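# Observations on chain architecture
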Amino acid sequence: GEELFEKWMLDNGYSCKKLGFDEKTNNIDGFWHMHPLLRNLPDYILYDKKENRLVYFQVKGTCNIKIDDIINWNLFETLFCNDKAVLRIAFCYDDATYFYTLNEIRKELTDSTIKEWHDGKQYITIKTKSVT
């Protein structure tokens, strides 16, 4: 998902910076002991000059979202977002990239079936929208 996100940003003339942890190039011993909010920092940040605001991006390569992630995104948004700093969830696939606000993700919870992976983590599957 992150490679597709970076390509989409570059192709559309945006310059963003890596923000969150990268387990492949910057592994931290004992990472799992960190508070979940720190482990789930947004993946990227962008300064939107037109809107004069920061945009935090969580990048997903699948339409399956862990319930714990939604809870952590909500906490992050409550603590660190305002009218000049917003959170967006980017769903990146080979054929398209979709952006959601957390309010849009919350609406997807209505009538959704909560599923469970083999490790007990609960998740929902959202229907991605068209790029607008």
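Cut-offs used in this document
- Residues numbered from 1 in each chain as written.
- Predicted model: local features only at pLDDT ≥ 70, side-chain atom pairs only at ≥ 80, totals over all residues.
- Heavy atoms only, no water.
- Salt bridge = Lys/Arg side-chain N within 4 Å of Asp/Glu carboxyl O.
- Helix = DSSP H or I, 4+ residues; strand = E, 2+ residues; numbered from the N terminus.
- Buried < 20%, exposed > 50% of the residue type's maximum accessible area, 1.4 Å probe, protein only.
- Core = buried A, V, L, I, M, F, W, Y, C linked by side-chain atoms within 4.5 Å.
- Contact = heavy atoms within 4.5 Å.

### Details of the pattern of salt bridges
- By the definition in use, this model includes four salt bridges.
- A salt bridge links Lys18 to Glu2, with the nearest nitrogen and oxygen atoms 3.0 Å apart. Here the residue Lys18 occupies a position in strand 1 (residues 16–18), and Glu2 occupies one in helix 1 (residues 2–11), the gap between them amounting to 16 residues.
- By relative accessible area, which is 33% here, Lys18 ends up partly exposed.
- Linking Glu77 and Arg106 is a salt bridge whose minimum nitrogen-to-oxygen distance equals 3.2 Å. Here Glu77, found in helix 3 (residues 67–80), pairs with Arg106, found in helix 4 (residues 102–108); they are 29 residues apart in sequence, far enough to count as distant.
- Given a relative accessible area of 28%, Arg106 falls into the partly exposed group.

### Remarks on the nonpolar core
- Counting residues in hydrophobic clusters, the biggest one holds 21 residues, and the most contacted among them are Ile65, Leu87, Phe91 and Ile105.
- Put simply, the parts of the chain that give this core at least two residues each are helix 3, strand 5 (85–92), strand 6 (97–100) and helix 4.
- Those residues in contact with Ile65 that lie beyond four places of it in its chain are Lys60, Ile70, Trp73, Phe91, Ile105, Gln122, Tyr123, Ile124 and Ile126.
- Core analysis: the second largest hydrophobic core is formed by 11 residues, Phe5, Met9, Val59 and Ala90 among them.

Geometry only, nothing functional implied.
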